[in-house]
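So the chains spell out like this:
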Amino acid sequence: MTLLAGPGIERPAPAATFGAARPVILLRDVTKTYPGGRSALRDVDLTIREGEFVFIVGPSGAGKSTLLKLLIRDEVATEGQVFIDGTDLARLKRREIPKVRRRTGTIFQDFKLLPNRTVWENVAFALEVTGAPRKRIVPDVDRVLALVGLTAQAAQVPTQLSGGEQQRTAIARALVHDPRLIIADEPTGNLDPLISWEIIQLLLRINELGVTVLMATHDAEVVTALRRRVVALEEGRVVRDELGAAYHRED
Amino acid sequence: MIPFVVFSIRRAWQGFWRNGLMSIAATATMTFMLLLLGGFWIVQSGLSAGLQYVEQKVQVVAYLKDDATQDQVDAAMAGLKQMPEVKQADYVSKNDALTRFRANLAERGQPDLTGSLDTNPLPASIEVYLVDPTDFAAVVAHLDGSPGVDRVDDVQQLVDRVTTVTTVIRTGGIVALILVGLTVLFIIVNTIRLAVTSRAEEIEIMRLVGASDAFIRWPFIFEGALVGLLGALVTLLILAAAAGPLSTLMLGFFRVLPLEFGSLVRDVAILVLVTGVGLGVVGSYVSVRSYLIR
């Protein structure tokens, strides 16, 4: 498979488009030190505006996962501030955390699906646990399953699905809250290249619908082919933040 | 509020059946532990009733002079009946005593030689049963001071022996019951914890998709209650099936049934239900809590 074999790749919108949009993610001087003294992030400043598609790249242990965990308030910054949609995550009350998480869809390398529930139930689960009424759940779940192309597989359980279908289920679940932001942690890490492109295509389409996408990845081929904004982390610091960039530094 | 409770109960029911193997294991452990606890409680009640029976056998006996008048006897009896320590006081006439003595001999198969006596050598007596066997002093004093009384049996030694034995057995029983109770507590809570731990991923996913703590916690609490309830019901069914042989056994072993068999059945039912459901709920709450606090 050649670099540009991925179907339907478009050139990214010029950087200026995002200049005026309001920040969905804003990190100010963020440092995260884990108990025991290991520092995972150091002085990270990052602004991601509405509608952007951003890759976070870097070697293992560079701080990508920590960054994503801060964004879903799974971890709290040791220093500095993290804002999602203008909300300071460190100041959130405990009971407000779930509400912020509902505004962000998360996708993982290992899908994190419930193995003994069907595709439909896995997606509906995300709405049920927020107390949504049944009459809202049914149309919403049907809608996102159609969006990711899994209507036919709705009654199957994850073990009956291919990896790509499982990840699409997870994407449907992430979308069902109508999030403004999708955070994807190595979403293609367990998938073969062709399926990976399918998933990327899906994320691009979601992005076109106006959802901001932040994706941590090791997939150099995808990153380089798409020429989107690339934020590179190394040893907890942002070492590169370029628009229309490749996976590796090109200068 | 109502939709939330309905949601939680439905989710608990699903959770129970979707994790069937774990649920069955937890329910089985719950049942074994409740059987242990219920069984021990029954044994303890039998023991307690047996001890009470033994203690009631302690009596103060006052032997009367052969020339004691009926008035003297009546006065002594009337005094006894007014004492709060006295449970029952019986007058045993000389003839009664002889009859009893003969019956006793016959029961042991020994030859009755009393027929060769010209007179009845046995004294009349007053037998007093006490509410509390250690409360004999006033009774003894009263009888000692009554005219017509020849002598009062020294019950001190007997009471001491009986109460020492019963106290040791009773304390041992309570200590054993507490130990069994603690064991049951830890094993049940641990089993529930194990069941919740096997669902750590589910809890994590719930958190990730933005479930509030209550939405995560309550289905597990109801599920714990369900495990407890099922375990308790199975336990009670087993105990009910064993009730017949059990009471025969108790009658044979402790010589006596607990004073009120009906109240024992009720106590055990309440004990098993409350312990099962209570520990199911507490175990779930504690186990889920450790996943929520982060």
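Scoring rules and cut-offs
Residues numbered from 1 in each chain as written. Chains lettered and ligands numbered in written order. Predicted model: local features only at pLDDT ≥ 70, side-chain atom pairs only at ≥ 80, totals over all residues. Heavy atoms only, no water. Helix = DSSP H or I, 4+ residues; strand = E, 2+ residues; numbered from the N terminus. Rg over C-alpha atoms; globule rule 2.2 N^0.38 Å. Buried < 20%, exposed > 50% of the residue type's maximum accessible area, 1.4 Å probe, protein only. Salt bridge = Lys/Arg side-chain N within 4 Å of Asp/Glu carboxyl O. Contact = heavy atoms within 4.5 Å. Buried area = accessible area lost by both parts, 1.4 Å probe. Nonpolar A, V, L, I, M, F, W, Y, C, P; charged D, E, K, R; others polar. Polar contact = N/O pair within 3.5 Å; in protein donor to acceptor, adjacent residues only side chain to side chain. Patch = residues over 30% accessible without salt bridge, like charges linked within 9 Å, V, L, I, M, F, W, Y side chains within 5 Å. Areas by Shrake-Rupley, 256 points an atom, 1.4 Å probe, with all protein chains shown as cover. Domains from an automatic or database assignment. Pairing = 2+ DSSP bridges. Axes fitted to C-alpha atoms, helices over the stretch in contact; angles between N-to-C directions.

## Quick notes on the overall build of chain B
Within chain B, the secondary structure is distributed over 10 helices and 4 strands. Scaling as 2.2 N^0.38, a compact globule of 294 residues should have a C-alpha radius of gyration of about 19 Å, whereas chain B reaches 30 Å, well beyond that. Counting only C-alpha atoms, chain B reaches 100 × 40 × 30 Å along its principal axes. For chain B, the proportion of its 294 residues judged to be buried stands at 43%.

## What to know about the overall build of chain A
Within chain A one finds 8 helices and 10 strands. Since a compact globule built from 251 residues should have a radius of gyration of about 18 Å, the 18 Å found for chain A is in line with a globular shape. Taken along the three principal axes of its C-alpha coordinates, chain A extends 50 × 45 × 40 Å. Taken across its 251 residues, chain A has 54% of its residues classed as buried.

## A closer look at the pattern of salt bridges
For side chains of opposite charge, pairing can occur when their charged atoms come near one another. All names here are of chain B. The full count for this structure, using the stated rule, is 27 salt bridges over all chains. One salt bridge connects Lys94 with Asp66, and the closest N-O pair in it is separated by 3.2 Å. Of this pair, Lys94 sits in helix 4 (residues 94-108) while Asp66 sits in the loop between strand 1 (59-64) and helix 3 (70-81), and the two are 28 residues apart along the sequence. Its salt-bridge partner being Glu223, residue Arg199 comes within 3.0 Å of it at the nearest N-O pair. You can see Arg199 sitting in the loop between helix 6 (156-197) and helix 7 (200-208) and its partner Glu223 sitting in helix 8 (residues 213-241), a full 24 residues away along the chain.

## Some thoughts on the interface of chain B and chain A
Opposite the 22 residues of chain B that make contact, chain A presents 23 residues. Summing both partners gives a buried area of about 2100 Å² for chain B against chain A, and 49% of it is carried by carbon and sulfur. For the chain B face of the interface with chain A, the top three residues by lost area are B:Arg18, B:Leu208 and B:Val209, together amounting to 31%. Along the contact surface separating chain B from chain A lie 6 salt bridges. Elements that contribute at least two residues to the side of chain B that touches chain A include exactly helix 1 (2-18), helix 7 and helix 8 of chain B. Looking at the side of chain B that touches chain A element by element, the count peaks at 7 residues for helix 7 of chain B. Looking at side-chain class alone, the side of chain B that touches chain A contains 9 nonpolar, 4 polar and 9 charged residues.

## Quick look at the side chain of A:Arg227
Of note, A:Arg227 is situated in the loop between helix 8 (220-226) and strand 9 (229-234). Side-chain polar atoms of A:Arg227 contact the backbone oxygen of A:Thr224, separated by 3.4 Å.

## Description of unusual backbone geometry
Generally, phi is negative for residues other than glycine and the peptide bonds are trans, each holding for most cases. Even without being glycine, A:Asp29 reaches a positive phi, approximately 55 degrees. Mapped onto the secondary structure, A:Asp29 falls in strand 1 (residues 23-33).

## Considering a nonpolar patch on the surface
A cluster of nonpolar side chains, contributed by B:Ile174, B:Val175, B:Ile178, B:Leu179, B:Leu182, B:Leu185 and B:Phe186, occupies part of the molecular surface with about 630 Å² of accessible area. By the secondary structure assignment, B:Val175 is in helix 6.

## Considerations on the environment of B:Leu35
Residues and elements named next belong to chain B. Following the sequence through the fold, Leu35 ends up in helix 2 (residues 20-56). Each C-alpha atom, one on Leu35 and one on Gly145, is 54 Å from the other, the two residues being 110 residues apart in sequence. In this view, Leu35 contacts Phe40, Thr235, Ile238 and Leu239; residues no more than four positions away in its chain are not counted.

## Let's talk about the domain arrangement of chain B
As assigned here, chain B comprises domain 1 (2-54 + 161-292) and domain 2 (59-154). Between the C-alpha centres of domain 1 of chain B and domain 2 of chain B there is a distance of 51 Å.

## Overview of the pairing of strand 3 (residues 125-130) of chain B
Residue and element names in this part refer to chain B. The element strand 3 is largely enclosed, with a buried count of 5 among its 6 residues. Bridge analysis of strand 2 (residues 86-92) against strand 3 gives 6 bridges, and the strand direction is antiparallel. Among the inter-strand pairings, Tyr91 is bridged to a residue of strand 3, identified as Ile126.

## A look at the sheet that holds strand 9 of chain A
Residues and elements named next belong to chain A. Taken together, 6 strands build an open sheet; the order of strands is 6-7-8-3-9-10 and the sheet is mixed. Since the sheet does not close on itself, it has two edges, and those belong to strand 6 (104-108) and strand 10 (237-242), each with one partner. For this sheet, the mean inter-axis angle between neighbouring strands, taken without regard to orientation, is 15 degrees. Bridge count for strand 6 against strand 7 (residues 181-185) is 5 bridges, and the pairing is parallel. Residue pairing for strand 7: Ile107 is matched across the bridge by Ala184. Contacts between helix 6 (residues 163-175) and the sheet are confined to strand 6 and strand 7, with strand 6 contributing the most and set at about 165 degrees to the helix.

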